Amino acid sequence: MNFEEMTARMRDGQGFIAALDQSGGSTPKALQSYGVEDSEWDGDEEMFAKIHEMRCRIVESPSFSDGRVIGAILFEKTMEGCSKDGSPIPALLSRRGIVPFLKVDKGMHDTENGVQLMKEMPTLAKDCARAKELGVFGTKMRSVIHEADQKGIAENIRQQMDFGLEILDQGLVPILEPEVSLKSDSRVQAEALVLSNALDQMERVPEGKQVMWKLTIPSEPNLYKPLIDHPQVLRVVALSGGYSREDACRELAKNDGMIASFSRALLEVLQAKMDDQQFDQALGNAIEEISCASTGDSTGA
């Protein structure tokens, strides 16, 4: 797929985006859920090698390329390759109709004013250039909102757009992810502030350009419809945020036009000890359920 074809796939595709971009902080827990104990690796290099094996197994599984996964967010090491034929993963995904994205954030600062802002990204231009060279369509970067603090949320959303505009200048489509914590005592108010600030920040997007948003499934169904309908928003996707797959799919299905971009909810039943047939069947069942929720059908029918 070329850029225009990827844009059309992301705009019109019926399915969801798989988030395969677990980073250092979340990797040990992801490996434990996958059935890989801490004793099976020593140090960051071995840890990332283990999670890399898991991601490659997912990407190369037959059910992953049956048309219901329309995009995949990759960690940098995965982007650089693991396919059996030696092709870079973005090229492999593109041939299968899956739009590739790259996680570009470098982690977050400690909480201040109720939010965690992203750390600086000194290699952003270089990372974007390499991603574009390998056929990547867009990027993703995450920050977190813990409280409905007006100053903090305004700064959080503004920072997302600041980096997003840099990424647009590099010729890629950014996914802006200001996650509202499901544990927040002021979640409803925080989500309202996210919407109002996001709409304000959309005024900065140049004519003819589009961004994407990745948001916590809102407490109020269809809260984010104004963003979904915005002409300069290519797609609004949902993170699972700690929900089980069943709960995430049920809540997502209440929101018209919002599709999934799940990580934990996608991977929760996969186990390293499964044989290839068991693995593909378990992954296929998860893909089916999440795909149905992304089209508003939580029954899986």
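Residues numbered from 1 in each chain as written. Predicted model: local features only at pLDDT ≥ 70, side-chain atom pairs only at ≥ 80, totals over all residues. Heavy atoms only, no water.

Student: Quick question: what am I supposed to make of unusual backbone geometry here?
Tutor: Keep in mind that most residues, glycine aside, have a negative phi and that most peptide bonds are trans. The phi dihedral of Asn113 falls on the positive side, at around 55°, and the residue is not glycine. Note on placement: Asn113 falls in the loop between β3 (99-103) and β4 (115-116). In this structure, Asn222 is a non-glycine residue whose phi angle is positive, near 65°. Of note, Asn222 is situated in the loop between β7 (211-216) and α9 (225-228). (Helix = DSSP H or I, 4+ residues; strand = E, 2+ residues; numbered from the N terminus.)

Student: Teacher, can you tell me more about the pairing of strand β2 (residues 69-74) here?
Tutor: Looking along a regular strand, one sees the side chains alternate between the two faces of the sheet. Counting buried residues along β2, 6 of its 6 residues qualify, which places the element largely inside the surrounding structure. As paired strands, strand β1 (residues 16-20) and β2 are joined by 5 bridges and run parallel to one another. Note that in β2 the partner of Leu20 across the bridge is Leu74. Here 4 bridges tie β2 to β3, and the two strands are oriented parallel to one another. Across the sheet, the residue bridging to Gly71 is Val99, located in β3. (Buried < 20%, exposed > 50% of the residue type's maximum accessible area, 1.4 Å probe, protein only. Pairing = 2+ DSSP bridges.)

Student: In this structure, what is going on with the state of the cysteines? I would like to understand it.
Tutor: Each disulfide consists of a covalent bond between the sulfur atoms of two cysteine residues. According to the stated counting rule, one finds 0 disulfides in the structure shown. A disulfide-free cysteine, Cys249 has its sulfur positioned 8.6 Å from the sulfur of Cys292, the nearest such atom. The class for Cys249 is buried, based on a relative accessible area of 2%. (Disulfide = S-S within 2.5 Å.)

Student: Help me understand helix α10 (residues 245-252) in this model?
Tutor: Residues separated by three or four positions in an α-helix point in the same direction, a consequence of the helix having 3.6 residues per turn. Taken as a whole, α10 has its buried residues at Arg245, Ala248, Cys249, Glu251 and Leu252. All buried residues of α10 project into a common sector of 165° when viewed along the axis, lining one side. Check the buried side of α10 and you find it contacts β8 (233-239), β9 (259-260), α11 (264-267) and α12 (276-294). (Arc of directions from axis to C-beta. Contact = heavy atoms within 4.5 Å.)

Student: Would you take a moment to explain the packing of α10 against α12 for this structure?
Tutor: How two helices sit against one another is set out by the angle between their axes and by the gap between those axes. Taken N-terminus to C-terminus, the directions of α10 and α12 make an angle of 20°; their axes are 8 Å apart at the nearest point. One finds that α10 runs roughly parallel with respect to α12. The handedness of the crossing between α10 and α12 is left-handed. Together, Arg245, Glu246, Cys249 and Leu252 of α10 and Ala286, Glu289, Ile290, Ala293 and Ser294 of α12 make up the contact between the two elements. Split by residue class, the contact of α10 with α12 holds 5 nonpolar, 1 polar and 3 charged. (Axes fitted to C-alpha atoms, helices over the stretch in contact; angles between N-to-C directions. Parallel < 35°, antiparallel > 145°, perpendicular 65-115°, else oblique. Left-handed = near helix turned anticlockwise from the far one by under 90°. Nonpolar A, V, L, I, M, F, W, Y, C, P; charged D, E, K, R; others polar.)

Student: Got a minute to help me understand the side chain of Ser143 in this structure?
Tutor: Within the element layout of this structure, Ser143 appears in strand β5 (residues 138-145). Among the polar contacts listed, one links the side chain of Ser143 to the side chain of Gln160, at a separation of 2.9 Å. Apart from the residues within four sequence positions on either side, Ser143 is in contact with Met108, Gln116, Met118, Asn156, Gln160, Glu177, Pro178 and Glu179. (Polar contact = N/O pair within 3.5 Å; in protein donor to acceptor, adjacent residues only side chain to side chain.)

Student: Help me out: how do you make sense of the pairing of β3 in this one?
Tutor: Counted residue by residue, β3 has 5 buried out of 5 residues, so it is predominantly covered. Burial of β3 is two-sided: the residues Val99, Phe101 and Lys103 facing one way and the residues Pro100 and Leu102 facing the other way are all buried. Of the strand pairs in this sheet, β3 and β5 are connected by 3 bridges, and their pairing is parallel. When the bridges of β5 are listed, Leu102 appears paired with Thr139.

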